[in-house]
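# Close look at the chain arrangement
This is what each chain is made of:
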Amino acid sequence: MPEFAELLEGYKRFRKQGYPRQKARYDTLVSEGQHPKLMIIGCSDSRVDPAQIFDVDPGEIFVVRNVAALVPPSKRRPGSMAFRPRSSSPCSFFRFVRSS
């Protein structure tokens, strides 16, 4: 488990390297707001990072994480789907909902 000092070093690396590379993207998100076309409901399992798995940039997806990716039952609507990758983890589960 990372120590607090390691987390601070990671933040410093992001501010020095990651943020400058995507500064224009962050500035656009601030000035124009976020308009993701997809919401992913995923498990709060720390081993699973939807943005990393789906290789998306900041603002491209809206992620809601909870235990076991639970979603109350509702009528199935067009554009929604569930996805369970092959894994031994019961938490490797995502639900996708496209915005209208």
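Everything in this summary refers to the structure shown in the same document. (Residues numbered from 1 in each chain as written. Predicted model: local features only at pLDDT ≥ 70, side-chain atom pairs only at ≥ 80, totals over all residues. Heavy atoms only, no water.)

The helix and strand tally for the protein chain stands at three helices and four strands. Mapped from its N terminus to its C terminus, the protein chain presents α and β elements in the order α-α-β-α-β-β-β. For the protein chain, the residues scored as buried account for 19% of the 100 residues in total. For the protein chain, the share of sequence-separated contacts (at least 6 apart) that also reach a separation of at least 24 residues comes to 53%. Per element, the accessible surface of the protein chain, about 8000 Å² overall, is 57% carbon and sulfur. (Helix = DSSP H or I, 4+ residues; strand = E, 2+ residues; numbered from the N terminus. Buried < 20%, exposed > 50% of the residue type's maximum accessible area, 1.4 Å probe, protein only. Contact = heavy atoms within 4.5 Å. Areas by Shrake-Rupley, 256 points an atom, 1.4 Å probe, with all protein chains shown as cover.)

Ring pairs (aromatic) are described by centroid distance and by the angle formed between their planes. Within the structure shown, the criterion is met by three aromatic pairs. When the centroid spacing of 6.3 Å and the interplanar angle of 65° are considered together, the rings of Phe14 and Tyr19 count as edge-to-face. Classification of Tyr19 by relative accessible area gives partly exposed; the value is 22%. Their ring planes at 85° and their centres at 6.2 Å tell us that Phe14 and Tyr26 sit as a pair that is edge-to-face. Of this pair, Phe14 sits in helix 1 (residues 4-21) while Tyr26 sits in helix 2 (residues 23-32); the two residues are 12 residues apart in sequence, bridging distant segments of the chain. (Phe/Tyr/Trp six-rings, centres within 6.5 Å; stacked < 30°, edge-to-face > 60°.)

Quick look at helix 1 now. An ideal rise of 1.5 Å per residue puts 26 Å on 18 residues; helix 1 measures up with 25 Å between its terminal C-alpha atoms. In helix 1, a bend of some 45° at Phe14 exceeds every other bend along the element. (Expected span 1.5 Å × (residues − 1). Bend = angle between axes of the 7 residues up to and from the residue.)

Let us now look at the side chain of Asp45. Note on placement: Asp45 falls in the loop between strand 1 (38-43) and helix 3 (50-53). A residue is classified by how much of its surface remains accessible, and Asp45, at 11% relative accessible area, is buried. Within polar-contact distance, the side chain of Asp45 engages the side chain of Arg47 at 2.5 Å. (Polar contact = N/O pair within 3.5 Å; in protein donor to acceptor, adjacent residues only side chain to side chain.)

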